[in-house]
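Examining the three-dimensional arrangement
Next come the chains, spelled out residue by residue.
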Amino acid sequence: MGRSARLLQLIDHLRRARLPQTGPVLAQRLGVSLRTLYRDIATLREQGAAIAGDPGIGYEMRPGFLLPPLMFTPDELEALLLGARWASRQADPELAQAATAALDRIRSALPLELRIEVDTSGLLVPPMRQDTAPEPWQTALRLAIRRQHKVVLHYTDEKGRPSERRIWPFAMGFFENRRILAAWCELRQDFRHFRADRVRSVTDLQERYPDHRASLIERWSQHMGHSGH
């Protein structure tokens, strides 16, 4: 096992542990000497890992610690790179800008060798077709999903007929040529899907819907599985 992989494994052990882990236990799990373990802990602390404890007492990861970007494996970096590039082309302008900023932040924290790998990666996302440009209300819908807010959707169906729906949006699917909103419809008292390109306007009611997003997603997943769609 390489040192980078070992450091990642050490962090994972500490993050998952409910109680402080002694040096000998950690060293045995990693298959290294105590001296090597102490060096690894010192290295992680220098890189910003919030590891509390001392030899003879045990070590634990303080709550809220996030892995620094340079601790990602090459596969994880490629996944993040591909995802950020996709979001920068497919998502609404605010989310696209956030994806680019996140990628820049990760890149700036990488050592030179990995930075070059990111800059010269062969994983590319081609430009999307013009008819998939993000709808102007996509941000409003995304924020409503995040905040679990009820919204009023002014919508046009496949025959061009306008309607007004009071819905609980909980998910949005990003497909190649369209975006689909999944929501609970108060009018139909059932799950419904709305094409974002048929939305004419969105009014956020600034009111949380009574169910939790996670519960809605779980019920929706079961519904979709049973309905055969």
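Quick caveat, the model's predicted, so the values are computed rather than measured.

**A word on the sheet that holds strand S7 (residues 199–208)**
Pairing in this open sheet of five strands is antiparallel, and the strands run S6-S5-S4-S3-S7 from one edge to the other. Edge strands, defined here as strands with exactly one partner in the open sheet, are strand S6 (190–195) and S7. Across this sheet, the average inter-strand angle for adjacent strands is 45°, counted without regard to direction. When strand S4 (residues 162–174) meets strand S5 (residues 179–185), the two strands line up antiparallel, connected through seven bridges. Its bridge partner lying in S5, Phe174 is registered against Arg179. Strands strand S3 (149–156), S4, S5 and S7 of the sheet are contacted by helix H7 (residues 138–147), whose axis makes an angle of about 75° with S4.

**Some words on the side chain of Thr43**
Within the fold, Thr43 resides in helix H3 (residues 34–46). Not counting chain neighbours up to four residues away, the residues in contact with Thr43 comprise Arg3 and Leu7.

**Digging into helix H2 (residues 23–30)**
Of the residues making up H2, those classed as buried are Gly23, Leu26, Ala27 and Leu30. Viewed along the axis of H2, the buried residues span an arc of 100°, placing them on a single side of the element. Those residues of H2 that are buried lie in contact with helix H1 (3–16), H3 and strand S2 (58–61). Note on H2: the residue one or two positions beyond its end, Gly31, has a positive phi of about 70°.

Here is what the cut-offs are and how they apply
Residues numbered from 1 in each chain as written. Predicted model: local features only at pLDDT ≥ 70, side-chain atom pairs only at ≥ 80, totals over all residues. Heavy atoms only, no water. Pairing = 2+ DSSP bridges. Helix = DSSP H or I, 4+ residues; strand = E, 2+ residues; numbered from the N terminus. Axes fitted to C-alpha atoms, helices over the stretch in contact; angles between N-to-C directions. Contact = heavy atoms within 4.5 Å. Buried < 20%, exposed > 50% of the residue type's maximum accessible area, 1.4 Å probe, protein only. Arc of directions from axis to C-beta.

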